[in-house]
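# Structural overview
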Amino acid sequence: MKDVIKKEVLFNHAIEKVWDAISKAEEISTWFIRADFKAEKGYKYTFTAEPNEKGCTVISGEVKNANPYTLVYTWIVADTKVETTVKWDLETVEQGTKLTLEHSGISNYAGETAVAMFESFNGGWDNCINGLTSYLKAEVNAG
């Protein structure tokens, strides 16, 4: 099975705007779910969905890397002990900012659970990218 989900998207926003949206708790909480998060190596974060939201209720992990425009953290879904890795890379391009998201280690789940989690994460990241896109459009247009 495939072990890595990869998403790429171009934003016509400055790299700093996109970085803030993926690395600051108050911004993540706007377009994703409530976040206790700091883009600091070693920070143990928690994302908590409201009970009526679809998908996982709690995601936790540790920030492994938070260099300018590269953010890497572990991803542990509530009620599992399985650790996967999420990596966000930002790059300035002529049109604005290229975001590359990779979620790896999904084969750490056992058997058919890995396939189900891959499908769940893949759709979930599509929803997240859509939420981030809408958030950035609203932020720029509001300014």
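Residues numbered from 1 in each chain as written. Predicted model: local features only at pLDDT ≥ 70, side-chain atom pairs only at ≥ 80, totals over all residues. Heavy atoms only, no water.

### Points about the pairing of strand β1 (residues 5–11)
Of the two faces of β1, only one is covered, namely that formed by Ile-5, Lys-7, Val-9 and Phe-11; the face formed by Lys-6, Glu-8 and Leu-10 stays uncovered. In the sheet, β1 pairs with strand β7 (residues 96–104) via seven bridges, with the strands oriented antiparallel. Bridging across to β7, Lys-6 finds its partner in Glu-102. (Buried < 20%, exposed > 50% of the residue type's maximum accessible area, 1.4 Å probe, protein only. Helix = DSSP H or I, 4+ residues; strand = E, 2+ residues; numbered from the N terminus. Pairing = 2+ DSSP bridges.)

### Observations concerning the sheet that holds β7
Ordered in space as β1-β7-β6-β5-β4-β3-β2, the seven strands form an open sheet in which the pairing is antiparallel. Since the sheet does not close on itself, it has two edges, and those belong to β1 and β2 (34–36), each with one partner. Direction aside, the axes of adjacent strands within the sheet are offset by 20 degrees on average. Sheet analysis places strand β6 (residues 84–93) next to β7, joined by nine bridges and oriented antiparallel. Residue pairing for β7: Leu-90 is matched across the bridge by Leu-99. Most of the contacts of helix α1 (residues 15–23) go to β6, to which it runs at about 165 degrees, and overall it touches β1, β4 (58–67), β5 (70–77), β6 and β7. (Axes fitted to C-alpha atoms, helices over the stretch in contact; angles between N-to-C directions. Contact = heavy atoms within 4.5 Å.)

### Things to note about the pairing of β5
Of all eight residues in β5, seven are buried, a share of seventy percent or more. Pairing between β4 and β5: six bridges, direction antiparallel. Along β5, the bridge assignment pairs Asn-65 with Val-72. What sits between β4 and β5 in their antiparallel hairpin is a turn of two residues, with Tyr-69 showing a positive phi close to 75 degrees. Bridge analysis of β5 against β6 gives six bridges, and the strand direction is antiparallel. Residue Val-72 lies in a different strand from β6, and its bridge partner there is Lys-87. Linkage of β5 to β6, two consecutive antiparallel strands, is achieved through a turn of six residues, within which Asp-79 is found at a positive phi near 70 degrees.

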